[in-house]
Amino acid sequence: MNSELPIPQGNYVPAKRHGSLIVTSGMTPRREGVLILTGNVSSAAPLDDYREAVELACGNALNAANAQLRKGERIAAILSLSVFITADPDFTAHSKLADFASDYLRDRLGPQGVGARAAVGVATLPGNAPVEIQLIATV
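Reading the values: the criteria
- Residues numbered from 1 in each chain as written.
- Predicted model: local features only at pLDDT ≥ 70, side-chain atom pairs only at ≥ 80, totals over all residues.
- Heavy atoms only, no water.
- 1 Å grid on protein atoms, 1.4 Å probe; cavity = no way out; pocket = protein on both sides within 12 Å on 5 of 7 lines; lining within 4 Å.
- Points joined across faces, edges and corners; volume = space filled by probe spheres on them.
- Nonpolar A, V, L, I, M, F, W, Y, C, P; charged D, E, K, R; others polar.
- Helix = DSSP H or I, 4+ residues; strand = E, 2+ residues; numbered from the N terminus.
- Expected span 1.5 Å × (residues − 1).
- Buried < 20%, exposed > 50% of the residue type's maximum accessible area, 1.4 Å probe, protein only.
- Core = buried A, V, L, I, M, F, W, Y, C linked by side-chain atoms within 4.5 Å.
- Contact = heavy atoms within 4.5 Å.
- Salt bridge = Lys/Arg side-chain N within 4 Å of Asp/Glu carboxyl O.
- Axes fitted to C-alpha atoms, helices over the stretch in contact; angles between N-to-C directions.
- Parallel < 35°, antiparallel > 145°, perpendicular 65-115°, else oblique.
- Left-handed = near helix turned anticlockwise from the far one by under 90°.
- Pairing = 2+ DSSP bridges.

Participant: Help me understand the layout of surface pockets, please; the structure alone is not making it clear to me.
Facilitator: Empty pockets left among the atoms are what a rolling probe the size of a water molecule brings to light. Approximately 220 Å³ is the volume found for the largest pocket. What lines the largest pocket is a set of 17 residues, and nearest its centre among them are Pro6, Ile7, Met27, Thr28 and Arg30. Tallied by class, residues from the lining of the largest pocket come to six nonpolar, six polar and five charged.

Okay, structure coming up:
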């Protein structure tokens, strides 16, 4: 897992903690502040074409959450996962694309990595990103 902290693209923090809850900002598939993929998710392309972008966005969110942990703590569970997808109008596999993020979290956190989820199609995302991911976790 890449442990780099995501670079904010505006006036916000990557994650905020209150008590045992950690809420992340929406994270796009940026590596060192640069999007690795742009444009709409197309129904004509294989879903695997978007796996790396979804996993990177999810990894950025998990890294932001982990940065809020104190010594000896760990993420106990992902309570909520929101996956926003800039999709062509005929794209309908939002849930299958979001499964890449759920799988990523389960692989790193075990069964507690899978929580409630929303997979939402949107018209645009910052920087023309294809996906944005936001987490709510508990310690």
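Participant: When you look at helix H1 (residues 51-66) in this model, what are you seeing that I'm missing?
Facilitator: Along an α-helix, residues three or four positions apart point the same way, because every turn accommodates 3.6 residues. Taking 1.5 Å per residue as the helical rise, H1 with its 16 residues ought to reach 22 Å, and the 22 Å between its terminal C-alpha atoms agrees with that figure. Here H1 lies mainly inside the structure; 12 of its 16 residues are buried. Where H1 is concerned, the buried positions are Ala53, Val54, Leu56, Ala57, Cys58, Gly59, Asn60, Ala61, Leu62, Asn63, Ala64 and Ala65.

Participant: Explanation requested: the nonpolar core in the structure shown.
Facilitator: What tends to happen in soluble globular proteins is that the nonpolar side chains get buried as a cluster. Core analysis: the largest hydrophobic core is formed by 32 residues, its most contacted members being Val83, Ile85, Leu97, Leu105, Val131, Ile133 and Leu135. Ranked by residues supplied to this core, first place goes to H1 with eight residues. Sequence-distant contacts of Ile85, defined by excluding residues within four places in its chain, comprise Val41, Phe91, His94, Leu97, Val120, Gly121, Val122, Pro130 and Val131.

Participant: How should the pattern of salt bridges be read in this particular structure?
Facilitator: Oppositely charged side chains can pair when the atoms bearing their charge come close. Evaluation of the coordinates by the stated rule reveals eight salt bridges. Between Asp48 and Arg51 there is a salt bridge, with the nearest N and O atoms lying 2.9 Å from each other. A residue is classified by how much of its surface remains accessible, and Arg51, at 31% relative accessible area, is partly exposed. Here Asp103 makes a salt bridge to Arg106, at a shortest N to O gap of 3.2 Å. Pair noted here: Asp103 and Arg106 are both in helix H2 (residues 94-109), with a separation of three residues, about one helical turn. Classification of Arg106 as partly exposed rests on a relative accessible area of 38%. Here the salt bridges do not stand alone but share partners, grouping Arg17, Arg70 and Glu73 into one network.

Participant: I would appreciate a short explanation of unusual backbone geometry in the present structure.
Facilitator: Most peptide bonds take the trans form, and the phi angle of most residues other than glycine is negative. In this model, Glu32 sits at a positive phi of 55°, which is unusual for a non-glycine residue. Along the chain, the position of Glu32 falls in the loop between strand E3 (30-31) and strand E4 (34-35). The class of Glu32 is exposed, set by a relative accessible area of 61%. At Asn128, a residue that is not glycine, the phi angle is positive and equals roughly 70°. Topologically, Asn128 is positioned in the loop between strand E6 (116-122) and strand E7 (131-138).

Participant: I'm lost on the packing of H1 against H2 in this one. Help?
Facilitator: When two helices pack together, their arrangement is captured by the angle between the axes and the distance separating the axes. Packing of H1 against H2 brings their axes to within 9 Å, and their N-to-C directions diverge by 50°. As the angle between them shows, H1 and H2 are arranged oblique. The two elements H1 and H2 meet at a crossing, and its hand is right-handed. On H2, the residues touching Arg51, Val54, Glu55, Cys58, Gly59 and Leu62 of H1 are Leu97, Phe100, Ala101, Tyr104, Leu105, Arg108 and Leu109.

Participant: Where do I start with the sheet that holds strand E2 (residues 21-24) in this structure?
Facilitator: In space, the five strands of this open sheet follow the order E1-E2-E7-E5-E6, with mixed pairing throughout. Of all strands in the sheet, those with a lone pairing partner are strand E1 (15-18) and E6, marking the two edges. Strand-to-strand twist across the sheet, computed as the mean angle between neighbouring axes with direction ignored, equals 10°. In this structure, E1 lies alongside E2, joined through four bridges in antiparallel fashion.

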